[in-house]
Every structure is written in structure tokens, then in C-alpha cells.
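What follows is each chain in one-letter form.
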Amino acid sequence: MAVGHCPFPQMPPLDGVRLGCAMAGIKKPQRRDLVVIELPEGATTVGVFTRNAFCAAPVIAAKAHLESSASRYWVINTGNANAGTGESGLADAYRTCQALAEHAGVATEAVLPFSTGVIGEPLPMERLLAGLPDAFAALDGSSQAWEAAGQGILTTDTRAKGATATGTIDGQAFHINGITKGSGMIKPNMATMLGFVVSDVTIEKSLLARLLRETVDLSFNAITVDSDTSTNDACILAATNTGVRIETDEQIATFKAALQEVMTSLAQMIIRDGEGATKFVTLEVVGAESRAEALDVAFTVAHSPLVKTALYASDANWGRILAAVGRAPVERFDVSRVVIDLGDVRLVENGGRAAGYSEAAGSRVMGEEEITIRIDLGRGEARATVWTSDLSHDYVSINADYRS
């Protein structure tokens, strides 16, 4: 089940970037579950990762390799998270890097590993290593390769997720391609489940890292399906350094706008494909004293099981939204100044139900597939937007059966 139609876009080729997939049988036979992404020599790579204390072995290895070397290859397996696996899991992550490095003729540190799937089980290394040559042999820079890679990193997702943007700087075109995966265990903290974005611009590493953090904060860090932060979250951004140089304020602004477009599109696709989701919900909080305060209110509403189940039932039980706003961690809350709108219907004002509200009007909006809840705190000028989904029977079923 998924909300809205998001066809995989035609991805333009990027100089020196190739992707390959294999069926390694890591969890299930006859499905793409091993992906290799190749970058050109001289590319710049930056990343943001989960803050979960039990971060997965590949997260530890990828962070270490990012600090010590320029990456040339990313290797991603699905079906097994290699998280909660201790020292042996870390050894497996490094062994995966070493095997691909030997095959590609690069240093081990030039390979970044990523995993997603079941936590607490050892990687089936024999199958994974046996699949690497096939993934390497399949390396291709076409749009079809991007879509195949998008399929190859999925777990409970129902479809591949990709986004692309093109811009022009000083008469020269630049391109940004990205794929992501994520459907459940989604409440990122520094990143999404897994996201891989590449551009053909030339840019300094410190600037690229700053732009990654800023665009992730307004995209992947602004989504939630179920309030669970994964052990494996990672969002990786690379510049091939083969195209137009990004350095002036105007150039940075143009590139950042295109990068934000890609990041936001990818993040919203995760919500549209949330486990069991039937609704795509935008939570806009305005009139806050700070962005942090606005996010606190938005996520309190987005994480409320009562709000999420009301959304699933198309039940205009606006009291659940009011109660969630009221328990958000906001000091000196003046409820008489709070205004809550459901789409074009005013729900709350002056501390209670809006005078013009009707159950029929509320039910009409709640029955829609895409819903906006707007909350004005009446306290300041700061604002934030968060995207979430409803909570359905299918979410429980999917996660109850996840390991079977």
C-alpha cells in the first residue's frame, strides 16, 4: 500500500558514476539485494549518519573510511542490517570493503559499506561475497541502472524511490541524481534510512558537507512514519568534481535549491510509501518562538498514535490533535492564541472548537488522501514543516511478520 503515484524518473548519466546490482540471496532468493555504486577518481563524498547508540557495523566502518580516504565505491546490502552484531559484525563490514576493493583495484578505505534489514543477525558473508563480482560486472551509468539500484536497496518498501534535478550555472548545466529507501523505522536523526545522492558539480568538501546538513534538516530530518530511529541511518552525498564549480554565493544558492528539491522529494517518497500508509500528512507549525519549538509541536502531533489512527479512520476527532499540541514540550503555553486548521477547515481558536466548525466539514478533509494540518502557536515568527503518515492495520501486520 502506498500514497500517490511516484514513477521512477529518467536519470541523466553522470560522468564516471556507474551502478550495478546482484541477486546474492542474502535473505530471499531471486531478488536484487546487493548494490555497488562507483564514483570517478577525484570525487568528493560527505555523509550524515544515525545517532542511535547501537549504530550498525557498516555505519562505524563508513564513518572511519570517510575520515581517512576519498571514497570510490559504495556497497549496499539489503535483508540484513549487520547491527547489534558486535566485533564480528564490524569485521564483516571491513571484510566486505576489502573484497570489493580487491576486485576494483582500490584501497580498502575507498569503499563505504551500508546495510539494511533485520537487526541482530550475522551477515551471510559467503553469499554476500559471492555476489560482489556479479554486482561489479553489472556496473552501468544508465537511467535503468539507477532504477535497478533503487530496487536493490529496498526492504519493506513497495517501490523504488528516485529523484533528479537539473540546473544551470554560468551557462553550464549541472545534474543531481538520488535514490533512497525507507518505509518503516522512520524517524531519522541526522539522516534517513539510506539515501545516496550524486552530483556532477565541482565543490569543496567543507561546503558540500554544510549543504548536506542543511538540506537533510529540511527533508529527511523532517519526516516520521513511526518515531523509530534506525541503527543504520545514512545519507551520503558525492560530487564528481567533473562539472561546473560551485563557490560564489549565487552559485551556492542555485545548487542548494536543486539539492533541496531532490532531498525533499526523496524524503516525501518515504512517507508516501510508509508501511501500511493510506494518508500523506503535512504538518505546518507557524508562530513559534524558534524552529526547534515548532518541530517539537509538529513531531508531538505526528507521533501521536491517537492522531495517526484517527487519520487512518478518516475520523474528524479534532480533540486528539488539540490534546497532542497541548502536551508538546513548550513552555508558557497560551492556548487562547493557538489556531489549528485541518485543510481549509478551522478546528480550534480561542482555546476551544472554532465557532464555524462542523463535523461534516472536518470529515470531508479527513477523508482525503493528502491532508495538511496547520498549527499557529501565536508566539513568534519561526516555523517548521514535518511530513508523516497514518497508522493502519497493515503497519502492525507488516512488522509482526517482518522476520518471517
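This text goes with the structure placed above it.
Attention here is on the structure that accompanies the text. Note that the coordinates shown come from a computational prediction; the quantities given were computed from them, not determined experimentally. (Residues numbered from 1 in each chain as written. Predicted model: local features only at pLDDT ≥ 70, side-chain atom pairs only at ≥ 80, totals over all residues. Heavy atoms only, no water.)

### With respect to the sheet that holds strand E13 (residues 345-349)
Note the threshold: When DSSP locates at least two bridges between a pair of strands, those strands are taken to pair. By the criteria applied, helices consist of DSSP H or I runs no shorter than four residues and strands consist of E runs no shorter than two, each listed in order from the N terminus.
Read from one edge to the other, the open sheet built from 7 strands follows the order E9-E16-E11-E15-E12-E13-E14, with strand pairing classed as mixed. Whereas interior strands pair on both sides, the edge strands pair on one side only; in this sheet they are strand E9 (223-224) and strand E14 (352-353).

### Regarding the packing of helix H5 (residues 205-217) against helix H6 (residues 249-272)
Under the convention used in this document: Axis definition: a line fit to C-alpha positions, over the contact stretch in the case of helices; interaxial angles, taken between N-to-C directions, run 0 to 180 degrees. Roughly parallel means an angle under 35 degrees; roughly antiparallel, over 145; roughly perpendicular, 65 to 115; everything else is oblique. Left-handed describes a crossing whose near helix is turned anticlockwise from the far helix through less than a right angle; right-handed describes the clockwise counterpart. Contacts are assigned to residue pairs that have any heavy atoms within 4.5 Å of one another. Three classes are used, and their members are as follows: Ala, Val, Leu, Ile, Met, Phe, Trp, Tyr, Cys and Pro are nonpolar, Asp, Glu, Lys and Arg are charged, and the others, Gly among them, are polar.
Relative to each other, H5 and H6 sit at 45 degrees, their axes nearing to 10 Å. In terms of orientation, H5 lies oblique with respect to H6. The crossing of H5 and H6 is right-handed. Contacts between H5 and H6 pair Leu207, Leu208, Arg210, Leu211, Leu212, Glu214 and Thr215 from the former with Ile252, Phe255, Lys256, Leu259, Gln260 and Met263 from the latter. Here the residues of the contact of H5 with H6 sort into 8 nonpolar, 2 polar and 3 charged.

### Concerning the sheet that holds strand E3 (residues 44-49)
Strands belonging to one sheet form pairs held by backbone hydrogen bonds; the direction of such a pair is parallel or antiparallel. Pairing within the open sheet is mixed, and its 5 strands lie in the order E3-E10-E8-E7-E6. Edge positions in the open sheet fall to E3 and strand E6 (161-169), since each of these has one partner strand only. Mean inter-strand twist for the sheet, computed between neighbouring axes without regard to direction, equals 15 degrees. Relative to strand E8 (residues 194-199), strand E7 (residues 172-181) runs antiparallel, the two being bridged by 6 bridges. When the sheet's bridge partners are listed, Gly178 is paired in E8 with Val197. Along the sheet face, helix H4 (residues 143-152) touches E7 and E8 and points at about 25 degrees away from the line of E7. Lying on the sheet, H6 is in contact with E6, E7, E8 and strand E10 (234-239); it crosses E6 at an angle near 170 degrees.

### Concerning the pairing of strand E4 (residues 73-80)
We apply this condition: Think of it in three bands: residues with accessible area under 20% of the maximum for their type are buried, residues over 50% are exposed, and the middle band is partly exposed, with areas taken using a 1.4 Å probe on protein chains only.
Within E4, 8 of the 8 residues are buried, which leaves the element mostly enclosed by the surrounding structure. As defined by bridge partners, strand E2 (residues 34-38) adjoins E4 across 5 bridges and the pair is classed as antiparallel. If you follow Glu38 over to E4, its bridge partner there is Tyr73.

### Re the nonpolar core
Where a protein is soluble and globular, its nonpolar side chains tend to be buried together. How we decide: By nonpolar core is meant a set of buried Ala, Val, Leu, Ile, Met, Phe, Trp, Tyr and Cys residues that side-chain atoms within 4.5 Å join together.
Within the largest apolar cluster, 46 residues are counted, with the highest numbers of intra-cluster contacts made by Ile203, Phe220 and Phe255. Put simply, the parts of the chain that give this core at least two residues each are E3, E6, E7, H5, E10 and H6. Per-element tally for this core: the top contributor is H6, with 11 residues. Among all residues touching Phe220, those that are not within four sequence positions of it are Thr180, Pro188, Ala191, Thr192, Cys235, Met263, Leu266, Ala267 and Ile270. The next biggest cluster of nonpolar side chains, apart from the first, holds 39 residues, and it includes Val281, Ile340, Val365 and Leu377.

### A short note on helix H1 (residues 57-68)
Along an α-helix, residues three or four positions apart point the same way, because every turn accommodates 3.6 residues. Note the threshold: One fewer than the residue count of a helix, multiplied by 1.5 Å, yields its expected span.
Across its 12 residues, H1 extends 17 Å between first and last C-alpha, which sits within 8% of the 16 Å expected from 1.5 Å per residue. Three or more residues of H1 are buried, namely Ala57, Pro58, Val59, Ala61, Ala62, His65 and Leu66. The inward-facing, buried residues of H1 abut E3, helix H2 (86-104), strand E5 (111-118) and H5.

### Overview of unusual backbone geometry
Excluding glycine, residues mostly have negative phi values, and the peptide bonds linking residues are mostly trans. The phi angle at Asn82 is positive, at roughly 50 degrees, despite the residue not being glycine. Looking at where Asn82 falls in the secondary structure, it is placed in the loop between E4 and H2. Residue classification places Asn82 among the buried residues on the basis of a relative accessible area of 0%. Positioned with a positive phi, Asp170 is a non-glycine residue whose angle comes to about 55 degrees. Tracing the backbone shows Asp170 in the loop between E6 and E7. Here Asp170 falls in the exposed class, since its relative accessible area comes to 66%.

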